[in-house]
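Residues per chain, in single letters:
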Amino acid sequence: VYRTLNERRNHTCSNMGDLKTQIEANNAKFMACFKANDMKGLANLYTEDCKLMPTGMETQHGKQGPVKVFQGAWDGGVREVQLIVEECGAMGSDLIYERSTYVMKAGDGSVADTGKYVVIWKKVDGSWFMHIDIFNTNKA
């Protein structure tokens, strides 16, 4: 237990480099799976009981959620997703938060969408998985 807010900040900041490296490595897998239209592989980056909260949709529960949501983006013409980590930190020993932005690109390289997201990562059997994923478009 942290005695002061500064102790917690210092703990989070001292570990942020390692956490950010881990998140960026997992995000690289996500981006590669999406680009290859491998939505099952992408879904395997999520916990079994994950929750996705995309713009304009009900909360999606379980591993079928990422398949449904991201296959929908692919079917709508998106061919690449770029994830840019802006902030992350530990929330205990088995949870990490990530606050980031995304860019979705069409097959011709044009920008199809930009937005922001928050992911709660959960450690399961020693590996990090996306557990709660909420994202919003910047489009009005």
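Residues numbered from 1 in each chain as written. Predicted model: local features only at pLDDT ≥ 70, side-chain atom pairs only at ≥ 80, totals over all residues. Heavy atoms only, no water.

J.: Sorry if this is basic, but what is going on with the sheet that holds strand 1 (residues 46-54) here?
T.: Hydrogen bonds between backbone groups are what pair the strands of a sheet, and the pairing can be parallel or antiparallel. Across the sheet, which stays open at both edges, the 6 strands sit in the order 2-1-6-5-4-3 with mixed pairing between neighbours. Because the sheet does not close on itself, it has two edges, and the strands there are strand 2 (60-61) and strand 3 (78-90). Here 5 bridges tie strand 1 to strand 6 (residues 127-137), and the two strands are oriented parallel to one another. For leucine 52, the partnering residue across the bridge sits in strand 6 and is aspartate 133. Packing of helix 3 (residues 64-75) onto the sheet brings it into contact with strand 1, strand 2, strand 3 and strand 6, and relative to strand 1 it is tilted by some 45 degrees. (Pairing = 2+ DSSP bridges. Helix = DSSP H or I, 4+ residues; strand = E, 2+ residues; numbered from the N terminus. Contact = heavy atoms within 4.5 Å. Axes fitted to C-alpha atoms, helices over the stretch in contact; angles between N-to-C directions.)

J.: Would you take a moment to explain the pattern of salt bridges for this structure?
T.: Any two side chains of opposite charge can pair if their charged atoms end up close together. One pass over the full model with this rule turns up 3 salt bridges. For glutamate 86, the salt bridge goes to arginine 99, with nearest N and O atoms at 2.7 Å. Within this pair, whereas glutamate 86 is found in strand 3, its partner arginine 99 is found in strand 4 (residues 95-106), the two being separated by 13 residues in sequence. Take glutamate 86: its relative accessible area is 39%, and that puts it in the partly exposed class. Glutamate 87 is the salt-bridge partner of arginine 99, the closest N and O atoms lying 2.9 Å from each other. Remark: glutamate 87 occurs in strand 3 and arginine 99 occurs in strand 4; sequence separation between them is 12 residues. Using a relative accessible area of 29% as the deciding quantity, one classes glutamate 87 as partly exposed. Overlapping salt bridges bring together Glu86, Glu87 and Arg99 as one network. (Salt bridge = Lys/Arg side-chain N within 4 Å of Asp/Glu carboxyl O. Buried < 20%, exposed > 50% of the residue type's maximum accessible area, 1.4 Å probe, protein only.)

J.: I tried to follow the packing of aromatic side chains on my own but got confused; where do I start?
T.: For any two aromatic rings, the description comes down to two numbers: the centre-to-centre distance and the angle of the planes. Under the criterion given, the structure shown has 3 aromatic pairs. Aromatic pair phenylalanine 30 and phenylalanine 70: ring centres 5.2 Å apart, planes at 90 degrees, arrangement edge-to-face. A residue pair is termed long-range when its members are at least 10 positions apart, and phenylalanine 30 in helix 1 (residues 5-35) and phenylalanine 70 in helix 3 qualify at 40 residues. For phenylalanine 70, a relative accessible area of 5% gives the class buried. Centroid distance phenylalanine 34 to tryptophan 74: 5.7 Å. Interplanar angle 70 degrees. Geometry classified as edge-to-face. Of the two residues, phenylalanine 34 is situated in helix 1 and tryptophan 74 in helix 3; the sequence distance between them amounts to 40 residues. Judged on exposure class, the residue phenylalanine 34 and its partner tryptophan 74 are both buried. An aromatic cluster is defined as three or more aromatic residues linked by ring pairs; in this entry it consists of Phe30, Phe70 and Phe135. Taking the ring centre of tryptophan 74 as reference, the NZ or CZ of arginine 79 above it sits at 4.0 Å. (Phe/Tyr/Trp six-rings, centres within 6.5 Å; stacked < 30°, edge-to-face > 60°. Lys NZ or Arg CZ within 6 Å of the ring centre and 35° of its normal.)

J.: Please clarify how the confidence of the model for the protein should be interpreted in this entry.
T.: For any part of a model where pLDDT is low, the fine detail of the predicted coordinates should not be relied upon. Within the protein, residue pLDDT values average 90, and 89% of them lie at 70 or more. Here residues 1-14 is a poorly scored stretch, pLDDT under 50, and it has 8 contacts once near neighbours within four places are set aside; other chains count. (pLDDT = per-residue confidence, 0-100.)

J.: Any chance you could explain the nonpolar core here in plain terms?
T.: If you look at the biggest cluster of nonpolar residues, it comprises 30 residues, and the most contacted ones within it are Phe30, Phe34, Leu42, Tyr46 and Phe70. Residue assignment for this core shows that the elements contributing at least two residues are helix 1, helix 2 (39-43), strand 1, helix 3, strand 3, strand 4, strand 5 (111-124) and strand 6. In terms of residue count, the dominant contributor to this core is strand 3 (6 residues). (Core = buried A, V, L, I, M, F, W, Y, C linked by side-chain atoms within 4.5 Å.)

J.: Looking at this model, I keep getting lost on the side chain of aspartate 133. Mind explaining?
T.: Positionally, aspartate 133 belongs in strand 6. Among buried charged residues, aspartate 133 stands out as having no salt bridge; its nearest opposite-charge side chain is lysine 51, 13 Å away. Other than its neighbours up to four places away in sequence, aspartate 133 contacts Tyr46, Lys51, Leu52, Met53, Tyr117, Val118 and Val119. (Lys, Arg positive; Asp, Glu negative; His and termini not counted.)

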